[in-house]
Each structure stands twice: as C-alpha cells, then as structure tokens.
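Geometric and topological summary
Each chain, letter by letter, is given below.
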Amino acid sequence: MNVEDLSPPNRELLREALPAGELVNVLYEGGERLDVGFQRERRCFALGERGWLAFVGWDGRLAQASCRSRWTLTEAAQAVLGGRGG
C-alpha cells in the first residue's frame, strides 16, 4: 500500500479519517439526495476494494429523510498512515 499512488481526493479522504479512524458520508439529508455524499461514497468503495477502508454500516435508509454510511480505516491503512505521521 502506497499513499502516493492514490489521487489527491482519495488521500484527502484518508487524512479526514485519521483522527477518529472513521469516515461518515451523508447521502440524504432532509429527504434531499446529496451528490457530494454519493461522490465520496464511490471513492470509499474504491478505497475499500484496495484495502484502505472497510464498510461499517448504514445509519438510516437510502432515499429516506436521512441516510449516512460509515467506513473505517483498515489496520493496514492505519499502519501505513500512522507511519507517515498523518
């Protein structure tokens, strides 16, 4: 795993996850679909396929008044990112 191989937006997502070890994507709020949340979600799925993130679960339901997804850094990602000093 090499952070430098990731795109700048993906590196930023991982940096965002560092303090708590978790990311939360807001997909729907007040019944409105949030495109920025879905863009982040696609990045999270891609990072998950590459071993950086693991899916934790949903808060709420898709297309409902409020829906969030939660992701956590994998142990391997924490080791790599922790070694860089954040």
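To keep things clear, this report deals only with the structure shown in the data block. (Residues numbered from 1 in each chain as written. Predicted model: local features only at pLDDT ≥ 70, side-chain atom pairs only at ≥ 80, totals over all residues. Heavy atoms only, no water.)

Section: the packing of helix α1 (residues 8-17) against helix α2 (residues 35-49)
As a packed pair, α1 and α2 sit with axes 10 Å apart at the nearest point and diverge in direction by 85°. By the angle between their directions, the pair α1 and α2 is classed as roughly perpendicular. On α2, the residues touching P9, N10, L13, L14 and E16 of α1 are R40, R43, C44 and L47. (Axes fitted to C-alpha atoms, helices over the stretch in contact; angles between N-to-C directions. Helix = DSSP H or I, 4+ residues; strand = E, 2+ residues; numbered from the N terminus. Parallel < 35°, antiparallel > 145°, perpendicular 65-115°, else oblique. Contact = heavy atoms within 4.5 Å.)

Re the packing of aromatic side chains
In total, this model carries five aromatic pairs according to the counting rule given. Ring centres 5.6 Å apart and planes at 90° place the aromatic pair Y28 and F38 in the edge-to-face group. Taken together, the residues span a long stretch of sequence, with Y28 in strand β1 (residues 22-29) and F38 in helix α2 at a distance of 10 residues. Grouping aromatic residues by their ring pairs yields a cluster made of F45, F55, W58 and W71. Its guanidinium or amino end placed over the ring of F38, R33 lies 3.8 Å from that ring's centre, counting from NZ or CZ. (Phe/Tyr/Trp six-rings, centres within 6.5 Å; stacked < 30°, edge-to-face > 60°. Lys NZ or Arg CZ within 6 Å of the ring centre and 35° of its normal.)

Function cannot be read off these values alone, since they describe shape.
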